[in-house]
Protein chains: 4
Amino acid sequence: MAATVLNLGLIGAGRIGRVHAANIVHRIPAARLAAVVDVVEPAAELLAEQYQVPTAGSDYQAILADPAIDAVVICSATDTHAPIIVDAAAAGKHIFCEKPIDHTLAKIDQALAAVEQASVKLQIGFNRRFDASYARVRQAVAEGEIGAPHLMHIISRDPAPPPLDYLKVSGGIFLDMTIHDFDMARFLMGCEVTEVYTVGGVLVDPQIGAVGDLDTALITLTFENGAYGVIDNSRRAAYGYDQRVEILGSLGSIATGNNYPNSAVISTASAICRDLPYNFFMERYTESYVRELSDFVDAILHDRSVPVSGEDGRVPVVMGLAAAKSYREHRPVRLDEITA
Amino acid sequence: MAATVLNLGLIGAGRIGRVHAANIVHRIPAARLAAVVDVVEPAAELLAEQYQVPTAGSDYQAILADPAIDAVVICSATDTHAPIIVDAAAAGKHIFCEKPIDHTLAKIDQALAAVEQASVKLQIGFNRRFDASYARVRQAVAEGEIGAPHLMHIISRDPAPPPLDYLKVSGGIFLDMTIHDFDMARFLMGCEVTEVYTVGGVLVDPQIGAVGDLDTALITLTFENGAYGVIDNSRRAAYGYDQRVEILGSLGSIATGNNYPNSAVISTASAICRDLPYNFFMERYTESYVRELSDFVDAILHDRSVPVSGEDGRVPVVMGLAAAKSYREHRPVRLDEITA
Amino acid sequence: MAATVLNLGLIGAGRIGRVHAANIVHRIPAARLAAVVDVVEPAAELLAEQYQVPTAGSDYQAILADPAIDAVVICSATDTHAPIIVDAAAAGKHIFCEKPIDHTLAKIDQALAAVEQASVKLQIGFNRRFDASYARVRQAVAEGEIGAPHLMHIISRDPAPPPLDYLKVSGGIFLDMTIHDFDMARFLMGCEVTEVYTVGGVLVDPQIGAVGDLDTALITLTFENGAYGVIDNSRRAAYGYDQRVEILGSLGSIATGNNYPNSAVISTASAICRDLPYNFFMERYTESYVRELSDFVDAILHDRSVPVSGEDGRVPVVMGLAAAKSYREHRPVRLDEITA
Amino acid sequence: MAATVLNLGLIGAGRIGRVHAANIVHRIPAARLAAVVDVVEPAAELLAEQYQVPTAGSDYQAILADPAIDAVVICSATDTHAPIIVDAAAAGKHIFCEKPIDHTLAKIDQALAAVEQASVKLQIGFNRRFDASYARVRQAVAEGEIGAPHLMHIISRDPAPPPLDYLKVSGGIFLDMTIHDFDMARFLMGCEVTEVYTVGGVLVDPQIGAVGDLDTALITLTFENGAYGVIDNSRRAAYGYDQRVEILGSLGSIATGNNYPNSAVISTASAICRDLPYNFFMERYTESYVRELSDFVDAILHDRSVPVSGEDGRVPVVMGLAAAKSYREHRPVRLDEITA
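First, a word on scope: everything that follows refers to the structure included in this document. The residue numbering used here restarts from 1 in each chain and proceeds along that chain's sequence as written. All chains are assigned letters beginning at A, and all ligands numbers beginning at 1, according to the order in which they are written. In keeping with the model being predicted, local features are shown solely for residues with a pLDDT of at least 70 and side-chain atom pairs are shown and tallied solely at 80 or more, while totals for entire chains, interfaces and linings include all residues. The basis for every side-chain value is the complete set of non-hydrogen atoms in the structure, without hydrogens or water.

Some words on the relation of the copies chain B and chain A
And step 1. Superposition of chain B onto chain A requires a rotation of 180° combined with a translation of 0.0 Å along the rotation axis, giving an RMSD of 0.0 Å. On this basis, the relationship between the two copies can be described by a two-fold rotation axis. Identified as the residue of chain B closest to the rotation axis by C-alpha distance is B:Arg331, at 3.0 Å.
And step 2. Contacts were defined at the residue level, with two residues in contact if any of their heavy atoms lie within 4.5 Å. With an isologous cut-off of 70% or more, the 100% of interface residues of chain B that recur at the interface of chain A puts this contact in the isologous class. Least-squares superposition of the copies uses the C-alpha atoms of those residues scoring a pLDDT of at least 70 in each of them.

Okay, here's the thing in structure tokens:
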């Protein structure tokens, strides 16, 4: 691509869409936010006004029809991801799509096939891969600093459950929350998971159980490299957003801690204390959102492969479906039991 | 009991026997080491000489026959624990016995029945309950500092595998190593485990597999209070003995770290570093060995209940057998499937 | 001021000038970078092109003459600060000026008088006040969390000495480096210093001594509230930029640590290590530069007092001169010995 | 010395005397507590009964006259140290003496001369040298891990002031409290201090001022190797005993933290907290008391030099007198200004 600035069309002006918009405008010099659409048109217009985006509307087809747009950033509702990917690919647009691609493998596979056929680039929004601490863990594993991996713990706890209305349509804890951890597990370990086993329940809020979801889970992972891992999920950690990982390898271990708004430690006659960690993903993962989109833009401008592929978007959905099946059937479930 | 000093007979002068002997002599004013026996008589004599113990021999029956002896400390080979308990109970001696009581439930139940019938006190050597950090966790859970427990992680990694000769007779990782963690799980959570699920393998040393054991395992626990937990075991952590626990509750979490020989942090142009943690259980759990035996002595002198009962010695064996069965059968196993 | 966006003219397009330019353009929606000048005109032009600044040149008078400019950001060489302040005040422009205002009190007082007479706002660039950790310390002291302050340590060490050419004109370690710490001392303690005592020498690099400066110093502070403090300065900490503070008060203490690029801890058979802290002020204090300028912009737009006054710029220079005098005369020096 | 067990006579059965007695009896197999005296004879008798010491009395001359006693441990009131040392040396006994030797140099020099003439060994009770963390710092400096030392901080804060009756006779903060830190400064740095400068006051309790003492001080140190240091003393840290050190060297830094009774970290909706550090020297420095006396015993049994010499006991007194003089005269004071 000869251009030195990439023209992006944003589809979806909700919470995560606004994060990406701000990053495109302020933090990524090589990108330009050229258009924004949202099914709620005023949301698109508001965002367009805020960032002086020339075009705003409610129909993403307008963006796909605009020859000046090089790529789209899909931040719309999950069930629209797959059809928009299909359409964007057909229109020859490169695609950045929020996770998950979809909740059903058939629709995911259809979308990935469309991308393949159109030879456009597709990157999935697994932003945690771009977090400095997790990237450091990946580096340690990849470079052999801790030897061959043996055991992994992923701690991933939200500060509070999402609204019940969201939980009713989220696809369940394994597809809306654990999916990030499934991606982390594959990414950090550098290999695939072959089997999962899930225990869990409703310990935080019975209303979550009433809508058919869990709020607490432990998912055991068997990796194809022979290692084992466990994901620890809770919808509520009283002290805030808790996001950590630890891997034991043959030569040692690597472990990350939480990120804090300040480093002050206060010692009084009661205890030695520090303030709570960053409360939620917006604060904790701020920089990772910039880096993922910046890398996407670079991948297109310099025709490099994207750092999170369509396959990387598909596998965690398989893992989520397997984890749910394991929970329902109270037995270990192999990933190859899950088919489209 | 009218006496103000308890006369103890030590049965077994091996590694852990010598630890208890030193503690009785030097750290527990209310106890006196009155006799020591070992099947290898010179080992008993050496220890007797070192601590000016009046009586040494090779036959524990001599200790049981001595009316001046109030209680025995059993540190002999595991397969002798149960019969010695039976004999000691019949002789009216109070009993401190190293873990595990035995590898088979039938023999354990026989021993516990003998204790019950003789109305003597029996304490099992789960010393970690007396470690200051784990005791603090128990306190936090018991007093509700973290609310209702939801999720638990127990990290328990040895610095290096034991000798292969030991592994051939140890009863396997779940009965020789995880048994401490099973006890911790019950103790810290304050309730029973109802089901376990085990994954694991041979990642550290193929010779361990050759003798039919594992060296790496993750055991998922389902507690009767609705919480879930996971035990992480490795026969080798390159950086030393790694013993930590973390519990998430409805009001917060509590987590312990390792113990270090010094607190110095060295910062150079390469990294910010500290020295390795204490290398093994002798250094890490030094104080807990004193406290467990001191509490045993107090329980007898003041006719109080012992802090680790015979049932506390039995249940972790059930858990170990269930964990092994789960591994073999590749499925979750309920503890009530394990019967004598 | 009726305007909702403040038009800023940047004077000086060097390192710190470029930091402020980027922040104005990308991070402070309420400000607009309307003009930039530098004595090296191509530097101004380059920056103007990068950020689409409409006006670039070499003469700051052009900025002062432009009625569309509301305020100036002075990032030129230190010896030009005072005359530019005088001229800017005369032109009715509000002023943000990098520290130090000047090395001589007479010129500082002249500048402050001009500001006073013109009734414009003047803020000095002591960015560390806006660092989240130091702000937390200030809050703890101000709100009495640690009671009445008794003792303070400020650790302030650079990763490496600046170029010798800079050291020849910097005004010496107390005016170019410690000046930030003098500001911190007053700010965190919430009161003035009455006396200083300095020891120090040339331990890092004899070339620094050859140009008449020190590279290592301890400065004892006596505060008017009865507390005492010490500033620890080194031109080179092998492990990177080391910026910490600790205050002991009657009810406890507060202490800050360094900031790190990631939270990963790697444990191997050698040691338990983490990566080095952020290497220098650009990375460590990134956010504080945004906040100081954002607060300046808000102060003008909403006619509030600026958070770092001209007096706040003057006193640390007095402290620097007193510290240098103490070092030369090898005795404690009261601040009131330093007069214009 | 042919004997394999050293017979010790304890002079003084107060708090520290009882610590040493317990360590001799329980922790140092090569030593035997053969006699104890105290001016309050019942105190000696109580201790003798507790540890089955054969001889108890009120007159230390009885110990000196007993040919079976190899060495004395002097734990009596400070003003008796020097005359007892003189007498013990004349009696040919090796001597372990608590710090400080005395408050006046003339008496110290007299005592050291007597020791020299009698060719007996004298060790001073600076136990902190035997603390694992401080020993690690000394090792790092001695082995060049942090290069040439440049700057040192010693934080040494008590949890609460001693009784006023003690303060009236203690010799003042510099001789009763800072003296340990003066020893640490020389020991850790591996060279002498040439000059001190003191600031301080009465911030903790006006009653301390009323008896002519300070409760808060900062003492700047100039070392003969060119390094500088500062000692931070407070009679009261609300959070407990605070004992830390940090040294910056040309290749990096080393810093120690406090010791804690447990490692548990509790996270709730309020803060991330841990329990307070060990409250006072008995708990914090437990092991160091064992090691210092064990090393003393070994030094005599194997005719090696003692690890803390009489000169090591003298110099910190010089430093204390210089620090007091600096405070009184409000100026830096060279140590060579202090003469007997």
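The discussion continues.
Considering the interface of chain D and chain B
And step 1. At the interface, 27 residues of chain D touch 27 residues of chain B.
And step 2. Joining two parts hides part of their accessible area as seen by a 1.4 Å probe, and the buried area is that hidden amount summed over both. Each partner contributes to the roughly 1,900 Å² buried at the junction of chain D and chain B, and carbon and sulfur atoms together form 47% of this total.
And step 3. For salt bridges, the criterion is a side-chain nitrogen of Lys or Arg within 4 Å of an Asp or Glu carboxyl oxygen. Scanning the region where chain D abuts chain B turns up 2 salt bridges.
And step 4. The salt bridge partner of B:Arg136 is D:Asp275, with a shortest N-O separation of 2.6 Å.
And step 5. Distance and chemistry together define a polar contact, namely a pair of N or O atoms within 3.5 Å, with one atom able to donate a hydrogen and the other to accept it when in protein, and with adjacent residues in sequence counting only for side-chain atoms on both sides. Counting the contacts that link chain D with chain B gives 11 residue pairs in polar contact (both at pLDDT 80 or more).
And step 6. Secondary structure elements are defined from DSSP: runs of H or I of at least 4 residues count as helices, runs of E of at least 2 residues count as strands, and each element is numbered from the N terminus. Elements supplying a minimum of two residues to the side of chain D that touches chain B: α1 (15-27), α6 (132-142), β12 (252-255) and β13 (265-268) of chain D.
And step 7. Here the residues of the side of chain D that touches chain B sort into 11 nonpolar, 12 polar and 4 charged.
And step 8. Where strand β13 (residues 265-268) of chain B and β12(D) come together, 4 bridges link them in antiparallel fashion. What sits directly across from B:Val265, in β12(D), is D:Ala255. Residue classes follow a fixed rule: Ala, Val, Leu, Ile, Met, Phe, Trp, Tyr, Cys and Pro count as nonpolar, while Asp, Glu, Lys and Arg count as charged, and any other residue, Gly among them, counts as polar. For two strands to be treated as a pair, DSSP must find no fewer than two bridges joining them.

What to know about the nonpolar core
Residues and elements named next belong to chain D.
And step 1. Ranked by internal contacts, the top residues of the largest apolar core, which has 108 residues, are Ile 95 and Leu 221.
And step 2. With 8 residues, helix α12 (residues 286-301) is the single largest residue contributor to this core.
And step 3. Ignoring sequence-local partners within four residues, the contact set of Ile 95 consists of Val 72, Ile 74, Ile 85, Ala 88, Ala 89, Val 115, Val 120, Lys 121, Leu 122, Gln 123 and Phe 296. Grouping buried Ala, Val, Leu, Ile, Met, Phe, Trp, Tyr and Cys residues that are joined through side-chain atoms within 4.5 Å yields what is termed a nonpolar core. Note on classification: 1.4 Å probe, protein chains only; a residue is buried when its accessible area is under 20% of the maximum for its type, exposed when over 50%, partly exposed between these limits.

Comments concerning unusual backbone geometry
Residue and element names in this part refer to chain A.
And step 1. With an omega of -10°, the peptide bond between Lys 99 and Pro 100 qualifies as cis.
And step 2. Here Pro 100 shows up in the loop between β5 (94-97) and α5 (105-118).
And step 3. Positive phi, close to 50°, is recorded for Gln 52, a residue that is not glycine.
And step 4. The topology assignment puts Gln 52 in the loop between α2 (41-50) and β3 (55-57).
And step 5. A relative accessible area of 70% means that Gln 52 is categorised as exposed.

Considerations on helix α9 (residues 178-189) of chain B
All names here are of chain B.
And step 1. Multiplying one less than the number of residues by 1.5 Å gives the expected span of a helix. Given a rise of 1.5 Å per residue, 12 residues ought to cover 16 Å, and the 16 Å separating the end C-alpha atoms of α9 matches this to within 8%.
And step 2. In terms of burial, α9 is a largely internal element, 12 of the 12 residues being buried.
And step 3. For α9, the complete set of buried residues consists of Thr 178, Ile 179, His 180, Asp 181, Phe 182, Asp 183, Met 184, Ala 185, Arg 186, Phe 187, Leu 188 and Met 189.
And step 4. Just beyond α9, the residue with positive phi is Gly 190, at close to 75°.

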